[in-house]
Each structure stands twice: as C-alpha cells, then as structure tokens.
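Spelled out, the chains give:
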Amino acid sequence: MSIKDKYAIVGVGYTPQGRIEGRTELSFHLEAIINAIDDAGLTKEDIDGLICYRHFPPASDSYDVTPYMVAQHLGITPAYISQDAN
Amino acid sequence: MLESGFCKYVVISYGHNAVSSDSMTTMLMTLGQDEEAFGHFGATGSYALAAQRAMYEFNTGPETWKHIAVGQRKWANLNPLAMTYNRTMSYDDYMNARWLVEPFRLFDNCLVSDGGRAYIVTSAERARDLKHRPVIIAGLGQHNPADFPQSATFLAGPTGAQIAGEAALRMAGITRDDIDACQIYDCFTYTVEITLQDYGFFKPGEGTDWFQGGTIEPGGSMPVNTSGGQLSEAYFMGLTPITEGVMQLMGRCGERQLGPQTGTKAPENILCSDNGGILQCNTTIILRRA
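Residues numbered from 1 in each chain as written. Chains lettered and ligands numbered in written order. Predicted model: local features only at pLDDT ≥ 70, side-chain atom pairs only at ≥ 80, totals over all residues.

(A) Structural context of the overall build of chain B. In terms of regular secondary structure, chain B is built from ten helices and eight strands. The C-alpha radius of gyration of chain B comes to 18 Å, within 12% of the 19 Å expected for a compact globule of 290 residues. Buried positions account for 57% of the 290 residues belonging to chain B. (Helix = DSSP H or I, 4+ residues; strand = E, 2+ residues; numbered from the N terminus. Rg over C-alpha atoms; globule rule 2.2 N^0.38 Å. Buried ≥ 20, exposed ≤ 12 C-beta atoms within 10 Å, placed from the backbone.)

So this is what it looks like as structure tokens:
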C-alpha cells in the first residue's frame, strides 16, 4: 500500500536564526512550532502528533529537550509523541 | 500515525542554541567515543575520512566542492534570512580559507546556528481547506546501509541515497528527469556531491563537470539548496532542506523563488534529502506542487 499523494505539508515555522544569545533549545522548538501552527491557519488544539527531530547533546548548563517537555510547554497533549533518532 | 488514523495534524520540530552554548563542544568530545584520544573529533573528522577516500576512489576534491560552496552562497545572497545573506564568496575565497580537517576547508563545512524550524503534515484532503496551497508528499524512500566510518566496510558510497532515491521516485511514479530542483542535506559540500551522485545525476567522479557552469546556481538547470542550505543559510538538520522545498512549491520564496525571476524552471517536483549519522542513512522525499 503506497502513501503516494495521500499526505501534504501545510505550514512552516521559522525563528530568528544565526547568533541569538540567551535562548534555550526548548524556546526555539516552541517558537518554531507556534509559527508553523499559525502559518497553517490551525490552532494548537489541532495538533495531535509531535515529533522532535534528531538533535545534538544539550549544553552543559541545560538539559536534554524531550518531546514531552515541548508538549507540556505548548500546553498540548498529543496522541502520538516521538524523538527521532540520530 | 496519520495513515492509521491515530493523528490528524503532526508537527515536526527542531531547535538548538548551537552558537551561543557549549553543546557543540560536547558533540565534538563524545561523537567518536574513544577516538578523541587519537585526534579524531566530531562529525567533521568522520566526513573528512569519507571524503578523503572518495578523492582516492573516484577522483573528486576541492575543484568539485568549490562549485557547491560558491553556488549555494549565491542562493543565500538572495535570502534575507540566511546567515550569510550579506557575504559573497568567490572561488578564491573558498580555496584560500583555512583547513578545518583536511580535505575540508572552512567553507566545506555547514554553519552552526541558533534557531529552530518546524512544519506540519496532514492528509491531502484536510490540506485543501487550509491557508496555503498544500505541498503533496509524492514519494518517500529510506535506506540504512552503513556503520560508522571507523568500522564501515566501504567509505565512498554508494550511500543510502541510491536505494532510497529509487524508492522515492518509484512511489511518486516519476523519473529523475521530472525533478526540477533538489534540497540536499548538506552538512559538508562533499555530502551534496555523493548524494546527487548516488541519485544518479552523474557518474562517480563526473561531478566536477556536472557542477561546472553554474548548474546548481540561480539560472542553472538543476537548482540545489535554494535557501543557501546548511552551508550558507542555517543548520537545522533535515528541516533546512525540506522546509525550503515546501516554501518553493508554495511560491513563497521572494527574491530566490524558482521560476522566471531566477532564470530557472517553475518547479512541480522537488527532491529533498536527509542523511543521518556519517553517511549511514538516507531519507528521500519527493514533494509535488498541488
């Protein structure tokens, strides 16, 4: 069974990019997601799946960002949640 | 999970404070497990090993890679969001840059970026009622052929791009000739070469000729990494290439928009890639204009 043409990408979220001092990884996840939701014309309540892309180790003064953390800070409770592997 | 009906709208996100934290130092000191003791640090060291082997096996090198670095920079110079928007690059700039890990000079390496990126996937049916013209996922392929370079039995390809690319084209029901542009995961210039080579755009070692004359640049016959990519826009893992493919097909790319204004074909199909580990896996996705 092929999924050809059955799914589509409907929104993209950007954040400031380059050298942006004083920001956590988590804050960039949240900003990008909120902007993607706005871009698609959805609300956060519509989001029922969350995948955090693979990532590098956290900074020594921080913690590993998990999709659970991202969901909680967004105020959503997705049916499906995952962290992509490297 | 969309196919099973488990979810209706899935968001995929990435975020990193790579420039303004010490995260990348941790990566450098831990990626090679114990090999740091022997001077082998991070992803640059591993990709440099693979590239060195490719130079020996099919005669590639800086004369090929300079076209990738300079070509992508020309796209970044059309993208106000790109970290290098205001910095042009000549072939001399590329060649005169310092070594990071030989055979890679500074501009063979991707950028390190603070920031994030996200996108949303839903069914083609739901997509029709939303704000933008949707971008259809026409084909997908993935292949995982290799171990880490230190223990891999081959280093100079074929990478996962070969089989993943064939699978994605097969699913989409098109051929390579139907692809109008590519957004290739470009942690290093060489990654772009080996990936396009394994997709079959040119034969091993013929990249030098293929890239010459501005093939991947504005005005070229096969635009590649039209935001500037990870080499010249910003590094957000596989989300740099795929989101640019989406924005191009939605027609939202301003000065760098593919079509008459950049002397390129208005795109119907864009091939996007991601590559994980050290050339160990490849995911290929073919996006189509709705």
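This is not the end of the story, as more comes after the structure.
(B) Focus on the pairing of strand β1 (residues 7–14) of chain A. Most of β1(A) sits inside the fold, with seven of its eight residues counted as buried. Relative to strand β4 (residues 114–123) of chain B, β1(A) runs antiparallel, the two being bridged by seven bridges. From the neighbouring strand, Gly11(A) faces β4(B), where its bridge partner is Ile120(B). Two elements, β1(A) and strand β5 (residues 135–143) of chain B, share three bridges in a ladder whose sense is antiparallel. Paired with Tyr7(A) across the bridge in β5(B) is Ile137(B). (Pairing = 2+ DSSP bridges.)

(C) Representation of the packing of helix α1 (residues 25–40) of chain A against helix α2 (residues 67–74) of chain A in the model. All names here are of chain A. Between α1 and α2, the least distance of the axes is 10 Å, while the angle of their chain directions is 60°. Considering their axes alone, α1 and α2 lie oblique with respect to each other. When the axes of α1 and α2 are compared, the crossing they make is right-handed. Contacts between α1 and α2 pair Leu 26, His 29, Leu 30 and Ile 33 from the former with Met 69, Val 70, His 73 and Leu 74 from the latter. By residue class, the composition of the contact of α1 with α2 is six nonpolar, two polar and no charged. (Axes fitted to C-alpha atoms, helices over the stretch in contact; angles between N-to-C directions. Parallel < 35°, antiparallel > 145°, perpendicular 65-115°, else oblique. Left-handed = near helix turned anticlockwise from the far one by under 90°. Contact = placed C-beta atoms within 7 Å. Nonpolar A, V, L, I, M, F, W, Y, C, P; charged D, E, K, R; others polar.)

(D) Just the confidence of the model for chain B, in detail. Here chain B shows a mean pLDDT of 95. Residues at 70 or above account for 99%. Interface confidence in the predicted complex, given as ipTM, is 0.97; pTM for the same model is 0.97. (pLDDT = per-residue confidence, 0-100.)

(E) Representation of the packing of helix α3 (residues 62–76) of chain B against helix α7 (residues 189–199) of chain B in the model. All names here are of chain B. Running from N to C, α3 and α7 point in directions that differ by 105°, and their axes come no closer than 9 Å. Between α3 and α7, the angle falls in the class roughly perpendicular. Contacts between α3 and α7 involve Thr 64, Trp 65, Ile 68 and Ala 69 on the former and, on the latter, Thr 189, Tyr 190, Val 192 and Glu 193.

(F) Here's a closer look at the pairing of strand β3 (residues 80–83) of chain A. All names here are of chain A. When strand β2 (residues 49–52) meets β3, the two strands line up parallel, connected through four bridges. For Leu 50, the partnering residue across the bridge sits in β3 and is Ile 81. Chirality of the crossover, the property in question, places the unit of β2, α2 and β3 among those that are right-handed. (Right-handed = clockwise from strand over helix to strand, strands pointing away.)

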